[in-house]
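# Descriptive analysis of the structure
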Amino acid sequence: MSLKYKFIMNKLNIIKLSTSIALPLFLGAIAGMFTSQSVPDWYAALNKPAFSPPNWIFGPVWTLLYILMGISFFVVWKQKVGKARNLAISIYFLQLLLNFAWSFIFFYFNMIGLALVEIVLLWFTIVLMLVLFYKIKPMATYINLPYLLWVSFATVLTASYYFLN
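What this report covers is the structure whose coordinates are included nearby. (Residues numbered from 1 in each chain as written. Predicted model: local features only at pLDDT ≥ 70, side-chain atom pairs only at ≥ 80, totals over all residues. Heavy atoms only, no water.)

Our focus in this paragraph is the nonpolar core. Within soluble globular proteins, side chains that are nonpolar generally end up buried alongside one another. Judged by nonpolar contacts, the single largest core of 38 residues is most densely connected at Phe106 and Ile126. Elements with a contribution of two residues or more to this core: helix H2 (58–77), helix H3 (83–108), helix H4 (112–136) and helix H5 (138–164). Ranked by residues supplied to this core, first place goes to H4 with 11 residues. (Core = buried A, V, L, I, M, F, W, Y, C linked by side-chain atoms within 4.5 Å. Buried < 20%, exposed > 50% of the residue type's maximum accessible area, 1.4 Å probe, protein only. Helix = DSSP H or I, 4+ residues; strand = E, 2+ residues; numbered from the N terminus.)

On the secondary structure map, Leu164 appears in helix H5. Judged by its relative accessible area of 41%, Leu164 is partly exposed. For the pair Leu164 and Gly59, spaced 105 residues apart in the sequence, the C-alpha separation amounts to 24 Å. Among all residues touching Leu164, those that are not within four sequence positions of it are Asn47, Lys48 and Pro49. (Contact = heavy atoms within 4.5 Å.)

So, on to H3. Over its 26 residues, H3 extends 37 Å from the first C-alpha to the last, a length consistent with the 38 Å expected when each residue adds 1.5 Å. A positive backbone phi angle near 55 degrees is found at Asn110, which sits one or two residues after H3. (Expected span 1.5 Å × (residues − 1).)

Along the chain, Asn144 falls in helix H5. Note on Asn144: relative accessible area 0%, which makes it buried. Excluding residues within four positions of it along the chain, Asn144 makes contact with Leu68, Met69, Ser72, Met129, Leu130 and Phe133.

Moving on: the packing of H3 against H4. Orientation of H3 relative to H4, taken along the N-to-C sense of each, is 160 degrees, at an axis distance of 8 Å. Viewed along their axes, H3 and H4 adopt a mutual orientation that is roughly antiparallel. Taken as a pair, H3 and H4 cross one another with a handedness that is left-handed. In terms of residue class, the contact of H3 with H4 is built from 23 nonpolar, 3 polar and 2 charged. (Axes fitted to C-alpha atoms, helices over the stretch in contact; angles between N-to-C directions. Parallel < 35°, antiparallel > 145°, perpendicular 65-115°, else oblique. Left-handed = near helix turned anticlockwise from the far one by under 90°. Nonpolar A, V, L, I, M, F, W, Y, C, P; charged D, E, K, R; others polar.)

What follows is the structure in structure tokens.
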């Protein structure tokens, strides 16, 4: 390989990595803006389960998870084009859309029951994504295990909010 080709590939990978991380962070920021509007009024008035974490924890946790999601997506995206990779990428975007939608369903529209159904669907989509990522590059799955654990916790939390309210 020529030096020029390696430079172009490295530059392309930097752009792909930056895009991979920026997209979930950007979507998370949009969802966070809408979420923050409901926290002082509607959310504050909800009956909360005893294990509900303090509000300040959500921003840092989601920021870290979005970064990890972006890195794992990059790891898959830079692999050889093929059916398995394309399917994994499609499922990644589906789970990202479901992740984005949950905040609006729960916080903006205040529909806890629908948010519960949606987050269960998100959880299964994440599991499918992890299975597909594993077949391509196991490291991409391992990077996302904290995300699966957090969404598992968020599912229990959402169910608790549903049953308490």
